[in-house]
Amino acid sequence: MHNSALLQYAQTSANTWSFILSTPDTNSYIAMGFSVGGGMVGSSAMVGWVASRGASGGIKQYYLGGVTPNQVVPDKGNLQVIDNSTFITLQSSRLFMVFQLETTEPLSSLIFATGSTGLFPAPPSFALTIHLDKVSTRIDYSEG
């Protein structure tokens with residue numbers, strides 16, 4: 001995933017950060033988490049998916065409290081997501097997930113994951129399937 005994913009971000013006002021994550025469409029969810037130490041447990045993540053071509057997708061924040069599915073909790077987390085700032089679309093075989101956070105500076109340890117092919121979060125639980133690919137990295141926001 002890390003070879004073909006593209007993350008764009010910008011501080012668009014004093015306390016607003018905008019993110020666009022673009023990945024190849026692997027017919028699965030994509031996730032971007034903000035971690036204190038680079039690990040999954042204890043992180044908060046934005047997860048997005050488009051279940052089929054032409055369908056509207058979904059984006060939810062998840063709290064990654066542990067490694068078992070029941071510890072990955074939708075609609076929880078420490079990210080201050082700005083209302084009506086989330087968007088996901090499938091264009092030219094790429095997924096684009098957009099969101100804005102209200103913070104003076106986001107956590108610099110980022111984690112990324114893609115889900116199992118053909119399995120998407122769905123009501124009522126919106127549970128995530130185990131991820132197939134993952135990467136952890138650090139960003140120095142001061143360098144742009």
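All of these numbers come straight from a predicted model, not from anything done at the bench.

### What to know about the pairing of strand 1 (residues 6–13)
Alignment of strand 1 against strand 2 (residues 16–24), held across 7 bridges, turns out to be antiparallel. Counterpart to Ser-13 in the pairing with strand 2 is Thr-16. Between strand 1 and strand 2, which pair antiparallel and follow one another directly, the connecting turn spans 2 residues.

### So, the packing of aromatic side chains
Applying the stated rule across the entire model yields 7 aromatic pairs. Ring centres of Phe-34 and Phe-99 lie 6.3 Å apart, and the angle between their planes is 90°; on these two criteria the pair is classed as edge-to-face. Of this pair, Phe-34 sits in strand 3 (residues 30–35) while Phe-99 is found in strand 8 (residues 94–102), placing the two residues 65 residues apart along the sequence. Like Phe-34, the residue Phe-99 is buried in the burial classification.

### Re the layout of surface pockets
In this structure, the largest pocket occupies an estimated 380 Å³ of space. Residue assignment for the lining of the largest pocket shows that the elements contributing at least two residues are strand 3, strand 4 (43–49), strand 9 (109–114) and strand 10 (133–138). Taken together, 14 residues line the second largest pocket, and the ones lying closest to its centre are Phe-34, Asn-78, Leu-79, Pro-106 and Leu-107. Residue assignment for the lining of the second largest pocket shows that the elements contributing at least two residues are strand 4 and strand 8. Taken together, the residues of the lining of the second largest pocket break down into 6 nonpolar, 6 polar and 2 charged.

### Some remarks on the pattern of salt bridges
Side-chain pairs of opposite charge can arise whenever the charged atoms involved come near each other. Here the structure, examined in full by the defined rule, presents 1 salt bridge. Asp-75 is the partner of Lys-60 in a salt bridge, and the nearest nitrogen-oxygen pair spans 3.1 Å. Residue Lys-60 is found in strand 5 (residues 58–64), and its partner Asp-75 is found in the loop between strand 6 (72–74) and strand 7 (87–91); the two are separated by 15 residues along the sequence. Owing to a relative accessible area of 51%, Asp-75 belongs among the exposed residues under this scheme.

### Overview of the side chain of Ser-43
Here Ser-43 shows up in strand 4. Relative accessible area serves as the criterion here: at 0%, Ser-43 is assigned to the buried category. Engagement of the side chain of Ser-43 in a polar contact is seen with the backbone oxygen of Gly-39, the distance being 2.7 Å. In contact with Ser-43, not counting residues within four places along its chain, are Phe-34, Ser-35, Tyr-62, Tyr-63, Leu-64 and Ile-111.

### Description of the side chain of Ser-109
Checked against the element boundaries, Ser-109 lands in strand 9. Only 2.9 Å separates the side chain of Ser-109 from the side chain of Arg-138, close enough to count as a polar contact. When neighbours within four sequence positions are excluded, Ser-109 is seen to be in contact with Gly-33, Phe-34, Ser-35, Val-36, Gly-37, Gly-38, Thr-137 and Arg-138.

Scoring rules and cut-offs
- Residue positions are given per chain, counted from 1 along the sequence in the order it is written.
- The predicted origin of the model limits local features to residues at a pLDDT of at least 70 and limits the giving and counting of side-chain atom pairs to 80 or more, whereas totals for whole chains, interfaces and linings rest on all residues.
- To obtain the side-chain values, all non-hydrogen atoms of the structure were used and water was disregarded.
- Following DSSP output, two strands are said to pair if at least two bridges run between them.
- Elements are defined by DSSP. Helices are runs of H or I of four residues or more, strands are runs of E of two residues or more, and each kind is numbered from the N terminus.
- Pairing of aromatic side chains here covers Phe, Tyr and the six-membered ring of Trp, requires ring centres within 6.5 Å, and sorts the geometry by plane angle: under 30 degrees stacked, over 60 edge-to-face, intermediate tilted.
- A simple rule labels every residue: compare its accessible area, found with a 1.4 Å probe on the protein chains alone, to the largest value its type can have, and call it buried under 20%, exposed over 50%, or partly exposed in between.
- Here a cavity is any set of points on a 1 Å grid over the protein atoms alone where a 1.4 Å probe fits but cannot get out, and a pocket is any open set with protein on both sides within 12 Å along at least 5 of 7 lines; a residue lines the site when it has an atom within 4 Å of a point.
- Grid points are joined across faces, edges and corners, and a volume is the space filled by probe spheres set on the points.
- Each residue receives one of three labels: charged for Asp, Glu, Lys and Arg, nonpolar for Ala, Val, Leu, Ile, Met, Phe, Trp, Tyr, Cys and Pro, and polar for the others, Gly being one of them.
- Whenever a carboxyl oxygen of Asp or Glu lies within 4 Å of a side-chain nitrogen of Lys or Arg, that contact is scored as a salt bridge.
- Under this definition, polar contacts are N or O atom pairs within 3.5 Å; protein pairs additionally need one hydrogen-donor-capable and one acceptor-capable atom, and for neighbouring residues in sequence, both atoms have to be side-chain atoms.
- Residue contacts are defined here by distance: any two heavy atoms, one from each residue, within 4.5 Å place the two residues in contact.

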